[in-house]
Amino acid sequence: MDAAAAGRQRALLRQVLGWRVAAAVAWSVLLLPIYTAAFVFLSAVDPFHPVRWISGSFNDLYTSYVIFSILLMSVVILVISIFNTEFYTVVPSIPCSRLALIGKIVHPQQVIHLVVHAVMGMLVAWCAAIMTKGKFQFLAVPCTAPESVDDAVPQMCLNEYRLFYLLSGVFVGCSYSLLYFINNMNYLPFPIIQQYKYLRFRRSLPLLVKHSCVESLYFVRNFCVTYYFFGYIPKVWISTTMDLRIDSKLHPLDTLTGLLDISLFYHAWLCGMFLLITWYTAWLLFKIYATEAHHFLIQPTFAEETDQCLPKILNSNPPLIIKFLALQDLMLLSQYSPVRRQEVFSLSQPGGHPHNWTAISRECLSLLSDLTQRLIIQQEAAAANGRAKHPAGELKVSAQTPGAVATEDMSFQPQRSNIIPRASMSSLVKSSLMPLKASPGPDVGSPFSSPALSCKMGILDANSPRHGAVQSPYILRRAPKLWTSGSDLQMNGSHHEPFPVLSPVRAVSEAVQPNFIYTWLQNKQEQIKIFLSKRVLIMYFFSKHPEASIQAVFSDAQMHIWALEGLSHLVAASFTEDQFGVVQTTLPTILNTLLTLQEVVDRYFKLPHVSSKPPRSSGSLVDMSYKTLRFALRASLKTALYRITTVFGEHLNAVQVSTEHKKRLQQFLEYKE
């Protein structure tokens, strides 16, 4: 069954992404003759003889070596496009430390990417050298041996200009591969405003040319420095392997005199620019085609189309790019397609069940609840590390009247999640029954895990003496809490409820001191951490950058933004378009989830090291929008709540939500939030 499902997912991926990749490759190859013609004209530039320059360049375009170079470059573009397809991602990989960045670069797949791009760079430089002609055309050139001046015996010498040219292509290819992963160029950012593909490419083309020119300049500069120190190694190795002499009459290029050749630097820069423009074009076209909106079916026409419908895709586990395209389609249809919205609100025949709305709302609520849970764990981890601790003596306990909690339809809870009671959550967070997915985190069952963290996560071992028993108030005071209310204390067994009398055996078992070996290992571990933390070099590689850690938390926030926008637009449209009232049954759940997420997001932005203002856009060719996803999420969340409250108005007072949520909704209704 799993193999069949995986096969259907691969077929869907090929159906959605296959033609996009083929179209991107085709357009990249079709643009290649234009780039080649521009390179031929610029490589033979002669401003003092413009007529001879232009006529000679036109004649070169029809020669066999230029046509052969275009064919070989087409193969290079095909290989580059294959690697773009294999390494793309819709969730950026953000290393939180320098050591993680190094590990990301030296990964075996990245090493293969580097080697292949180095070889492709050498092929591009070889084609460019053939089209440039002159002193770059041949690797072996005739020369005269210095000991036989009278006889003038011709011999073959190494053409260092050609070697420098080829190695510059290798260096530019390696540099491109390194920056490809360092700058997350494999990340596919989806456009906020939908535009035609031609308009997107035309808008990015001047930026692409400018970026390639500047980047090639830096790459060639770095290569000249590298060749100055290490250029002797490949020169001697090539001359020895091919039995070529080194012409002593010429200045070697691994000296300052040889590298100050303006013509050499210009042609190396032009070759690098030609390489980068062609590769960036293939990369840009793949991004444009891969992120184009795709319309999924809401209701299948035939039985074999069931797996391709939007509700089915959202509730399955497809490739991430398919899920992102599905959520993007949900966001677009919720805003601009009344006909497709009617299909979402429709009832099944026979039976009269809102299967489409149930599946879509369940997945959206599950995504938002997962994000809520993830942010709560991050906040509690920050509190446990002492960055957001509050003194235990300043805790204020106020009696609260528990508000009415909306009765939720359990059919809208994800089947693959479970409900985990949390003692450290406020009544506002507890008032919505949040469906939680199993998310990666520390092993709370490990002997090396933090007991405070295990307590905060609300997960207790069934064999533990604390399981099922009332915690001591002194034990609870050790755990830093972000929210405290009277209902929390009631839930944890505070003075509002009488304590059950504990047996002497249980009291003794809870007072047992930890094992001596375990304590010794913990002390040694802390000593090692303190020792390593005082070493500057080690901390340079191991220390985590706070901003990168925050960006990693919100790296996949784009799909949560689409879930927010799609769900809120559907709810707002249901006020006039939902003839059967299918949305009204889940409106309390939706409001509870959105308000809970808003509180958690607001709390998260108040943590230390979390910037409250987005950075300025750099306007670079490489997209860095993933760094500002948390700000977009916060804005989308507030906009979604205002969208619902503006449409429903005072009717929301009849919705069964908790007292805290009613207060928050009233602030939105009065435009005070």
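About the thresholds
Residues numbered from 1 in each chain as written. Predicted model: local features only at pLDDT ≥ 70, side-chain atom pairs only at ≥ 80, totals over all residues. Heavy atoms only, no water. Helix = DSSP H or I, 4+ residues; strand = E, 2+ residues; numbered from the N terminus. Buried < 20%, exposed > 50% of the residue type's maximum accessible area, 1.4 Å probe, protein only. Areas by Shrake-Rupley, 256 points an atom, 1.4 Å probe, with all protein chains shown as cover. Contact = heavy atoms within 4.5 Å. Polar contact = N/O pair within 3.5 Å; in protein donor to acceptor, adjacent residues only side chain to side chain. Salt bridge = Lys/Arg side-chain N within 4 Å of Asp/Glu carboxyl O. Disulfide = S-S within 2.5 Å. Core = buried A, V, L, I, M, F, W, Y, C linked by side-chain atoms within 4.5 Å. Phe/Tyr/Trp six-rings, centres within 6.5 Å; stacked < 30°, edge-to-face > 60°. Arc of directions from axis to C-beta. Axes fitted to C-alpha atoms, helices over the stretch in contact; angles between N-to-C directions. Parallel < 35°, antiparallel > 145°, perpendicular 65-115°, else oblique. Nonpolar A, V, L, I, M, F, W, Y, C, P; charged D, E, K, R; others polar. pLDDT = per-residue confidence, 0-100. Patch = residues over 30% accessible without salt bridge, like charges linked within 9 Å, V, L, I, M, F, W, Y side chains within 5 Å. Left-handed = near helix turned anticlockwise from the far one by under 90°.

Colleague: Quick one: what's the story with the overall build of the protein chain, residue by residue and with numbers?
Modeller: Of the regular secondary structure elements, the protein chain holds 26 helices and two strands. Expressed as a percentage of its 673 residues, the buried residues of the protein chain come to 45%. Accessible surface for the protein chain amounts to roughly 34700 Å². Of this, 64% is attributable to carbon and sulfur atoms.

Colleague: Account for the environment of S555, with residues named and values stated.
Modeller: Relative to the assigned elements, S555 resides in the loop between helix 22 (546-553) and helix 23 (557-577). Looking at S555, the relative accessible area reads 10%, which means it is buried. In this structure, the C-alpha to C-alpha distance between S555 and I94, residues 461 residues apart in sequence, is 7.8 Å. Contacts of S555, omitting those with residues within four sequence positions, involve V91, P92, I94 and L629. Among the polar contacts made by the side chain of S555, one reaches the main-chain carbonyl oxygen of A552 at a distance of 3.1 Å.

Colleague: Let's hear about the pattern of salt bridges: which residues, and what values?
Modeller: Summed over the entire model, instances satisfying the criterion amount to 14 salt bridges. Taking the shortest distance from any N to any O, the salt bridge between D307 and R8 comes out at 2.8 Å. Of the two residues, D307 sits in the loop between helix 10 (262-290) and helix 11 (310-314) while R8 sits in helix 1 (residues 2-43), which places them 299 residues apart along the sequence. Residue classification places D307 among the partly exposed residues on the basis of a relative accessible area of 29%.

Colleague: Mind laying out the state of the cysteines, listing which residues take part and the relevant values?
Modeller: According to the stated counting rule, one finds one disulfide in the structure shown. One disulfide bridge connects C143 with C157, the sulfur atoms lying 1.5 Å from each other. On the sign convention where negative means left-handed, the S-S torsion of about 60 degrees between C143 and C157 marks this disulfide as right-handed. Remark: C157 occurs in strand 2 (residues 154-158) and C143 occurs in strand 1 (residues 140-144); sequence separation between them is 14 residues. Judged by relative accessible area, C143 falls into the buried class, the value being 8%.

Colleague: Would you mind going over the nonpolar core in detail, with residue names and values included?
Modeller: Residues F164, W279, L330, W357 and L375 are the most contacted members of the largest nonpolar core, which totals 146 residues. Not counting residues up to four positions away in its chain, the partners in contact with L375 are V553, F554, L597, V600, V601 and Y604.

Colleague: Describe unusual backbone geometry, listing the residues and the values that go with them.
Modeller: When glycine is set aside, most residues are seen to have a negative phi, and most peptide bonds are trans. Following Q349, the chain continues into P350 via a peptide bond in cis, with omega recorded as -5 degrees. Tracing the chain through its elements places P350 in the loop between helix 13 (338-345) and helix 14 (355-384). The phi torsion at K133 lies on the positive side, around 60 degrees, for a residue other than glycine. The residue K133 is located in the loop between helix 5 (108-132) and strand 1 in this model. Judged by relative accessible area, K133 falls into the partly exposed class, the value being 27%. The phi angle at N184 is positive, at roughly 55 degrees, despite the residue not being glycine. With respect to the secondary-structure elements, N184 resides in the loop between helix 6 (160-182) and helix 7 (197-230).

Colleague: Lay out the packing of aromatic side chains in plain terms, naming residues and giving numbers.
Modeller: By the definition in use, this model includes 30 aromatic pairs. The interplanar angle of 85 degrees and the centroid separation of 6.3 Å between the aromatic rings of W19 and Y289 together place this pair among those described as edge-to-face. Linking W19 in helix 1 with Y289 in helix 10, this pair joins segments that are 270 residues apart in sequence. With relative accessibility at 42%, the residue W19 sits in the partly exposed group. When its relative accessible area of 9% is taken as the criterion, Y289 is described as buried. With centroids separated by 6.4 Å and ring planes inclined at 85 degrees, the aromatic side chains of F136 and Y161 adopt a geometry described as edge-to-face.

Colleague: Help me get a handle on helix 26 (residues 659-669), residues and values and all.
Modeller: Residues H661, R664, L665, F668 and L669 constitute the buried set of helix 26. Buried residues of helix 26, seen end-on, are gathered within an arc of 145 degrees and therefore sit on one face of the element. Remark: Y671 follows helix 26 within two positions and exhibits a positive phi of approximately 55 degrees.

Colleague: Can you explain the packing of helix 23 against helix 25 (residues 629-648)? Please cite residues and give values.
Modeller: Running from amino to carboxyl end, helix 23 crosses helix 25 at an angle of 10 degrees, the nearest separation of the two axes being 9 Å. The angle between helix 23 and helix 25 falls in the class roughly parallel. Contact residues: helix 23 offers A557, Q558, H560, I561, L564, E565, S568, H569, V571, A572, S574 and F575, while helix 25 offers L629, A632, L633, S636, L637, A640, R643, I644, V647 and F648. Residues that form the contact of helix 23 with helix 25 fall into these classes: 14 nonpolar, six polar and two charged.

Colleague: Give me the lowdown on the confidence of the model for the protein chain, citing residues and values where you can.
Modeller: Per-residue pLDDT for the protein chain has a mean of 80; in total, 79% of the residues score no lower than 70. Mean pLDDT across the elements of the protein chain ranges from a minimum in helix 17 (residues 473-478), with 35, to a maximum in helix 10, with 96. Note on residues 387-512: pLDDT under 50 across the span, and 183 contacts to partners over four residues away in sequence or across chains.

Colleague: Pulling in residues and values, what's your account of a nonpolar patch on the surface?
Modeller: Taken together, V225, Y228, F229, F230, I233 and L256 make up a surface patch of nonpolar side chains, about 660 Å² in accessible area. Along the chain, L256 falls in helix 9 (residues 256-259).

Colleague: Could you give me a rundown of the packing of helix 14 against helix 24 (residues 587-605), with the residues and numbers involved?
Modeller: Interaxial distance between helix 14 and helix 24 falls to 9 Å at its minimum, and their mutual angle equals 25 degrees. Classified by the interaxial angle, the pair formed by helix 14 and helix 24 is roughly parallel. In the crossing of helix 14 with helix 24, the sense of the turn from one axis to the other is left-handed. In contact with W357, L365, L368, S369, L371, T372, L375, I376, Q378 and Q379 of helix 14, helix 24 contributes T589, I590, T593, L594, T596, L597, V600, V601, R603 and Y604. Looking at side-chain class alone, the contact of helix 14 with helix 24 contains 12 nonpolar, seven polar and one charged residues.

Colleague: How would you sum up the environment of I538? Please name residues and give values.
Modeller: Following the sequence through the fold, I538 ends up in helix 21 (residues 536-542). On a C-alpha basis, the gap between I538 and L99 in space is 9.5 Å, while along the polypeptide they are 439 residues apart.

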